[in-house]
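Analysis of the macromolecular model
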Amino acid sequence: PSTAHRILGVMVDNRLVDRIEPGMYRLGIRLVELGSLVKSRISVRQEALPFMHELHRELGETVNLSVRRDDEVVYIERASESNTMMRVVQIIGAHAPLHITAVGKIFLAAESAQQVAGYVARSGLTRYTDNTLTDAKALARELEQIRVQRYAFDNEEAERGVCCVGAGIHNDEGRLVAGLSVSAPTERFRKTWAEAVRQSAEHISRAIGHSGHSPAR
């Protein structure tokens, strides 16, 4: 007890704990400050890269990391091989509308029906290929399925001959902050990759502090 009391005394002096009353302590404000400092230094890109390379080694296809900017997704990192004869590579900095990409649909699925309707009105659900979802009701049905399965597909909706599967990355507050996806030529693409992509996205989420519980929409 005497040793514990001396340690607590030092922690009180350094604001790591607060003394409520004799024999009673609680966590101090300094721990909050340190937690905020650690949080500010966490980079989604930096934490995601090891998992992206691992997923690329497992599937042998291009792995993308993207974020949302207004009504588009922007690609901020990728893992791919340069010696693959035929590969799909999203240029870092490239962007695309939400409704034509797997990760874009993940972001839309995280929104309310009113917010999705707002996106539909702003974008007009522009058609890029014959497979692009241009009907609001069809999009709503797909978004509902995405909410259940926690991954999404791009079935040649952005570009003919290219398919993609994506899943969401959440931060310590449970907020959707990025998306992980795998793109491949249609003839090599496998929908069974979805679970591996979802699990990798969850690993990245935990690496940036996500507890596994997302807030209610």
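Overview of the structure. Keep in mind it's a predicted model, so treat the numbers as computed, not measured. Numbering of residues begins from 1 in every chain and follows the order in which that chain's sequence is written. Note on the predicted model: pLDDT of at least 70 is required for a residue's local features to be given, and 80 or more for side-chain atom pairs to be given and counted; whole-chain, interface and lining totals, by contrast, use all residues. Each side-chain value is worked out from all heavy atoms of the structure, with water and hydrogens disregarded.

**Here's the deal with the overall build of the chain**
Only DSSP runs of H or I with at least four residues qualify as helices, and only runs of E with at least two residues qualify as strands; both kinds are numbered from the N terminus onward. Of the regular secondary structure elements, the chain holds 7 helices and 8 strands. Element-wise, carbon and sulfur atoms account for 52% of the exposed surface of the chain, whose accessible area totals about 12200 Å². Here the accessible surface of atoms and residues is derived via Shrake-Rupley with a 1.4 Å probe, and residues count as covered only by protein chains that are part of the display.

**Things to note about the sheet that holds strand β8 (residues 176–185)**
Spatially, 6 strands are ordered β5-β4-β3-β8-β7-β6 in an open sheet, and the strand pairing comes out antiparallel. This sheet does not close on itself; its edge strands, each paired only once, are β5 (95–97) and β6 (152–155). Within the sheet, the average angular offset between the axes of one strand and its neighbour, ignoring direction, is 30°. Two strands qualify as a pair provided that DSSP identifies no fewer than 2 bridges between them. Pairing between strand β4 (residues 72–79) and β5: 3 bridges, direction antiparallel. Throughout, an axis means a line fitted to C-alpha atoms (over the contacting stretch in the case of helices), and angles, computed between N-to-C directions, take values from 0 to 180 degrees.

**Focus on the pattern of salt bridges**
Put simply, a salt bridge is a Lys or Arg side-chain nitrogen that is within 4 Å of an Asp or Glu carboxyl oxygen. In this structure the tally under the stated criterion is 13 salt bridges. The salt bridge partner of E77 is R45, with a shortest N-O separation of 2.6 Å. Of this pair, E77 sits in strand β4 while R45 sits in helix α3 (residues 44–59), and the two are 32 residues apart along the sequence. Each residue is assigned to one of three classes by its accessible area relative to the maximum for its type, calculated with a 1.4 Å probe on protein chains only: buried under 20%, partly exposed between the two thresholds, exposed over 50%. Its relative accessible area of 10% is what places E77 among the buried residues. Judged by relative accessible area, R45 falls into the partly exposed class, the value being 39%. A salt bridge links E111 to R68; the shortest N-O distance between them is 3.0 Å. Placement of E111 in the loop between α4 (102–109) and α5 (113–123) and of R68 in strand β3 (residues 62–69) is noted, with a sequence separation of 43 residues between them. Overlapping salt bridges, with partners in common, bring together R68, D71, E111 and R122 in one network.

**Details of unusual backbone geometry**
Working note: non-glycine residues mostly have negative phi, and peptide bonds are mostly trans. Residue R15 is not a glycine yet carries a positive backbone phi of 65°. Within the element layout of this structure, R15 appears in the loop between α1 (2–13) and β1 (17–21). Residues other than glycine seldom take positive phi values, yet D70 does so here, at roughly 55°.

**Brief notes about the pairing of β3**
Note that β3 and β8 share 5 bridges and pair antiparallel. Counted as the bridge partner of S66 is G179 from β8. For β3 and β4, the ladder comprises 7 bridges, and the chain directions are antiparallel. Note on β4: the bridge partner recorded for R68 is V73. Counting the residues between successive antiparallel strands, the hairpin from β3 to β4 contains 2 residues, one of them, D70, with a positive phi of roughly 55°.

**Some words on the packing of aromatic side chains**
Here is the rule: rings of Phe, Tyr and Trp (six-membered ring for Trp) pair when centre to centre is within 6.5 Å. Planes less than 30 degrees apart are stacked, more than 60 are edge-to-face, and the remainder are tilted. For the structure shown, the criterion picks out 3 aromatic pairs. For the ring pair F153 and F189, a centre distance of 6.2 Å and an interplane angle of 85° mean the geometry is edge-to-face. With a gap of 36 residues between them, F153 in strand β6 and F189 in the loop between β8 and α7 (194–207) connect regions that are remote in the sequence. No difference in accessibility class separates F153 from F189, as the two residues are buried.

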